Amino acid sequence: MMEGKGKLGKYGPDLIRIVAGTMCMALAVNFVYEPLGMVTGGMSGLSIVIRRLTGRWTGFQMPVWLSNLLLNIPIFWMAWRIKGGHYMRMTLVANICFTAALFLIPVPSAPQKDFVLAAVVGGVLTGAGLGLVFSRGCSTGGTDLLGAVIHHFLPYYPVGQILFVLDCLIIAAGAWVFGIRSAVYAAVAVYLTTRLMDMIVAGGSFAKLAYIISDEYEAIGHAVMSQLGRGVTVLEGTGMYTGRQRKTLMCVVDRKQISSVSHIARKIDKKAFVIISDIREVQGEGFVEKIQS
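Here the structure is a predicted model, which is why all the values come from computation and not from measurement.

Student: I tried to follow the overall build of the chain on my own but got confused; where do I start?
Tutor: For the chain, the helix and strand inventory stands at 10 helices and 4 strands. Written out in order from the N terminus, the α and β elements of the chain read α-α-α-α-α-α-α-α-β-α-β-β-α-β. By the burial criterion, 40% of the 293 residues in the chain qualify as buried. Long-range pairs, those at least 24 residues apart, make up 76% of the contacts in the chain between residues at least 6 apart in sequence. Surface summary for the chain: the accessible area is close to 16,500 Å², and the carbon and sulfur share equals 64%.

Student: Explanation requested: the sheet that holds strand β3 (residues 245-254) in the structure shown.
Tutor: With respect to topology, 4 strands assemble into an open sheet ordered β2-β3-β1-β4, the strand pairing being antiparallel. For this open sheet the edge positions go to β2 (233-238) and β4 (273-279), each flanked by a neighbour on one side alone. Direction aside, neighbouring strands of the sheet carry axes that sit 25° apart on average. Looking at chain direction, strand β1 (residues 207-213) and β3 are connected through 7 bridges and run antiparallel. Within β3, the residue paired with Ala207 across the bridge is Asp254. Across the sheet, helix α9 (residues 217-228) touches β1, β2 and β3, and the angle it forms with β3 is around 15°.

Student: Got a minute to help me understand the nonpolar core in this structure?
Tutor: For soluble globular proteins, nonpolar side chains are generally found buried alongside one another. Counting 32 residues, the largest nonpolar core has Val29, Tyr33, Met38 and Ile48 as the members making the most contacts within it. Excluding its chain neighbours within four sequence positions, the residues that come into contact with Tyr33 are Ala28, Met38, Thr40, Ile48, Gly122, Gly123, Thr126, Ala189 and Thr193. Core analysis: the second largest hydrophobic core is formed by 15 residues, Val253, Val261, Ala265 and Ala272 among them.

Student: Whenever I open this one, the environment of Gly55 confuses me. Can you help?
Tutor: Checked against the element boundaries, Gly55 lands in helix α2 (residues 42-58). Owing to a relative accessible area of 22%, Gly55 belongs among the partly exposed residues under this scheme. Ignoring any residue separated from it by four or fewer positions in sequence, one finds Gly55 in contact with Phe60 and Gln61.

Student: I'm lost on helix α10 (residues 258-268) in this one. Help?
Tutor: At 3.6 residues per turn, the α-helix brings residues three or four places apart onto the same side. Taken together, the buried positions of α10 are occupied by Ile258, Val261, Ile264 and Ala265. What you see down the axis of α10 is that its buried residues fit within an arc of 120°, all on one side. Facing away from the buried side of α10, by more than 90 degrees, are the exposed residues His263 and Lys267. At its buried positions, α10 is contacted by β1, α9, β3 and β4.

Here is what the cut-offs are and how they apply
- Starting from 1, residues in each chain are numbered consecutively following that chain's sequence as written.
- This being a predicted model, a pLDDT of at least 70 is required before a residue's local features are given, and a value of 80 or more before pairs of side-chain atoms are given or counted; all residues contribute to the totals for chains, interfaces and linings.
- Hydrogens and waters are ignored; side-chain quantities use all the structure's heavy atoms.
- Helix and strand definitions here come from DSSP, where helices need a minimum of 4 consecutive H or I residues and strands a minimum of 2 consecutive E residues; each element is numbered from the N-terminal end.
- Working definition: with a 1.4 Å probe on protein chains only, accessible area under 20% of the residue-type maximum means buried, over 50% means exposed, and in between means partly exposed.
- Two residues form a contact once any of their heavy atoms are found within 4.5 Å.
- All accessibility values rest on the Shrake-Rupley procedure with a 1.4 Å probe; residue burial counts only the protein chains present in the view.
- Strands are treated as partners if at least two bridges between them are detected by DSSP.
- Each axis is a line fitted through C-alpha atoms, and for a helix only the stretch in contact is used; angles between axes span 0 to 180 degrees, taken between their N-to-C directions.
- Take the buried residues of types Ala, Val, Leu, Ile, Met, Phe, Trp, Tyr and Cys, join any two whose side-chain atoms come within 4.5 Å, and each joined set is a nonpolar core.
- Directions drawn from the helix axis to the C-beta atoms are what define this arc.

Have a look at this one:
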């Protein structure tokens, strides 16, 4: 019993974020994209196209949640054989949550026609949802997983390029079925989605890199390690103008700690030369651990 509680406590935060993220994504699909025919790529976008075509050709509109489920089954089967491991288990959970949310959230019978507002709301919801899911080291499957599968068989093509081609084909299909207007606003939604998703995914792992050049490098380095608990690396450097050998400290810290680093350096050596820059991602001890797929 205690072991079960331990596992729940371990994976509980991940599951909460995945559920919240997939709910946001499903809201965007059912409340915005499907009613207005805005195809933003991915298997959910392809499912919207399939729904319209099946209704046109057979009179029965296949639900988006069902198409999404059926399209993902062969992708997951291939990916599980290729990738396996924790990544696939959590991705499967995320896809099930997304499919369930698509099934449970009703599609409004009288959608609004404000495409600008729809692009903004849809982009924000999808970006927030994807950001929450990706920050847990998994995805909802679909074209992301299909891109990884294709890359396995065609390793000379980057995954990003494969995903770009897949999504462009789906968006082109949406433009053909729903018209150029919907496609243009779908592109706006994709842009907002990407920006917000990057902010959420990278925001938690943003860090600062500090270079400190000082004759008091030993005292500064020990102070940073003892007071902030961060590792410091000593680099060898030579002044181009003077030709003098100088020691340079390199330290990666959280955003909240960078002011402390500057304060420590200035307190010990007022002439210390401090260079600070942003870091998009940090993997390793003390920061975000890379999840092996």
